[in-house]
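Residue-level structure breakdown
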Amino acid sequence: LAKTTQPISMDSYEGQEVNITCSHNNIATNDYITWYQQFPSQGPRFIIQGYKTKVTNEVASLFIPADRKSSTLSLPRVSLSDTAVYYCLVLGGYQKVTFGIGTKLQVIP
Amino acid sequence: KAGVTQTPRYLIKTRGQQVTLSCSPISGHRSVSWYQQTPGQGLQFLFEYFSETQRNKGNFPGRFSGRQFSNSRSEMNVSTLELGDSALYLCASSLGLAGLLETQYFGPGTRLLVL
C-alpha cells in the first residue's frame, strides 16, 4: 500500500488557483491516484482520479508526472465554498486504504 | 437516486457497552465500506463488505465487526467500548466491481461519543 504525504494545511485567497501536491514515492504500476474532498460534518466526496499525465473534469485538474511519484490537484479560481479537507489516495483495486489527515484548505475572502 | 444513509446520526454510550451502527447503500451498490474518523488519526479504513462477505479489512481490533445483508445494507458493531472509540463512523458504498478503486459514495456518518 503506497504511503502518501501532503501538506497539512494551505491558505488561499478567493479567485486564485490552488495547487495541492501529494507525494507517493512507492506507488505501484497498477495504482491509481484519487482525490477526495470533505466538508465539515459530511462524508468525503470524490473529486478526481488519474493514472498518468493530466486529467480534467468540471471541478479540478490532476497532474501526474511521468515517474508518478507525486501528483498535483489543481483547483481553478477557488471560492469560499472550496474550504475543505482534501485527501490524496493511491489505490490499487482491493487493497486496504487509508485517507490519512489530508490537507486543510482555507479560502480567504 | 437516494444517497447513502446512516442511522443513528448521533449516539452516546458508556465504556464497556456495545453499539450497532447501520448503513443503507445507494440502490444497486453491492459494496459497503466502513471508516473511522478522528481528529488525530484522520480517516481510517475498517472493513469492506461485498455480497454479504467481508472482502477487505483494516487494522482494527476484533471488537470491531460488521456484516452485510442480502439487500446490501450493512451493520457495524463495536463491543466493549473504550473512550478512544469516540469518533465519526462513516460508511461508503460503491458498485463493488473494482473494489476500493471505485468511487466511494459516503454517508453523513454516525457520531459516537463514549463516556
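Scroll up to find the structure.
Residues numbered from 1 in each chain as written. Chains lettered and ligands numbered in written order. Predicted model: local features only at pLDDT ≥ 70, side-chain atom pairs only at ≥ 80, totals over all residues. Heavy atoms only, no water.

**Digging into the sheet that holds strand β8 (residues 84-91) of chain A**
Residue and element names in this part refer to chain A. Reading across the sheet, the five strands line up as β1-β10-β8-β3-β4 and stay open at both edges, with mixed pairing between neighbours. The open sheet is flanked by β1 (9-13) and β4 (45-50), the only strands paired with a single partner. With strand direction ignored, the average angle separating the axes of adjacent strands in the sheet is 25 degrees. Pairing geometry for β8 and strand β10 (residues 103-108), over three bridges, is antiparallel. For Ala84, the partnering residue across the bridge sits in β10 and is Leu105. (Pairing = 2+ DSSP bridges. Helix = DSSP H or I, 4+ residues; strand = E, 2+ residues; numbered from the N terminus. Axes fitted to C-alpha atoms, helices over the stretch in contact; angles between N-to-C directions.)

**A few points about the interface of chain B and chain A**
Across the boundary between the two partners, chain B contributes 24 residues, which contact 19 residues of chain A. Between chain B and chain A, roughly 1,700 Å² of surface is buried when both sides are summed, and carbon and sulfur atoms account for 56% of that area. Counting across the interface, chain B meets chain A through zero salt bridges. Counting every contact that joins chain B to chain A gives three residue pairs in polar contact (both at pLDDT 80 or more). The set of elements that each furnish at least two residues to the side of chain B that touches chain A consists of β4 (31-38), β5 (42-50) and β6 (53-57) of chain B. The residue inventory of the side of chain B that touches chain A, partitioned by class, reads 11 nonpolar, 10 polar and three charged. (Contact = heavy atoms within 4.5 Å. Buried area = accessible area lost by both parts, 1.4 Å probe. Salt bridge = Lys/Arg side-chain N within 4 Å of Asp/Glu carboxyl O. Polar contact = N/O pair within 3.5 Å; in protein donor to acceptor, adjacent residues only side chain to side chain. Nonpolar A, V, L, I, M, F, W, Y, C, P; charged D, E, K, R; others polar.)

**A few points about the pairing of strand β3 (residues 32-38) of chain A**
Residues and elements named next belong to chain A. In terms of burial, β3 is largely enclosed, as six of its seven residues are buried. Strand direction decides the pairing type here: β3 and β4, joined by five bridges, are antiparallel. Across the sheet, the residue bridging to Ile33 is Gly50, located in β4. (Buried < 20%, exposed > 50% of the residue type's maximum accessible area, 1.4 Å probe, protein only.)

**A few points about unusual backbone geometry**
Of note, the bond from Thr7 of chain B into Pro8 of chain B is cis; its omega dihedral lies within 30 degrees of zero at -10 degrees. Summarising the element assignment, Pro8 of chain B is placed in the loop between β1 (5-7) and β2 (10-13). For Thr53 of chain A, which is not a glycine, the phi torsion comes out positive at approximately 55 degrees. With respect to the helices and strands, Thr53 of chain A occurs in strand β5 (residues 53-56). Note on Thr53 of chain A: relative accessible area 52%, which makes it exposed.

**Things to note about the pairing of β5 of chain B**
Residue and element names in this part refer to chain B. With eight of its nine residues buried, β5 lies for the most part within the structure. Of the strand pairs in this sheet, β4 and β5 are connected by eight bridges, and their pairing is antiparallel. By the bridge assignment, Ser31 is partnered in β5 with Phe50. Counting the residues in the hairpin turn of β4 and β5 gives three residues.

**Concerning the state of the cysteines**
All chains considered together, the criterion is met by two disulfides over all chains. Paired through a disulfide, Cys22 of chain A and Cys88 of chain A show a sulfur-sulfur distance of 2.1 Å. Its torsion about the S-S bond being -80 degrees, the disulfide of Cys22 of chain A and Cys88 of chain A is classed as left-handed. In this pair, Cys22 of chain A sits in strand β2 (residues 18-23) while Cys88 of chain A sits in strand β8, placing the two residues 66 residues apart along the sequence. A relative accessible area of 0% places Cys22 of chain A in the buried class. A sulfur-sulfur separation of 1.8 Å characterises the disulfide bridge that pairs Cys23 of chain B with Cys91 of chain B. Its S-S torsion of about 65 degrees marks the bond between Cys23 of chain B and Cys91 of chain B as right-handed, since a negative value means left-handed. Taken together, the positions of Cys23 of chain B in strand β3 (residues 19-24) and Cys91 of chain B in strand β9 (residues 87-94) put the pair 68 residues apart, joining distant regions of the chain. (Disulfide = S-S within 2.5 Å.)

So, to be careful, I would describe these as geometric facts and stop short of saying anything about function.
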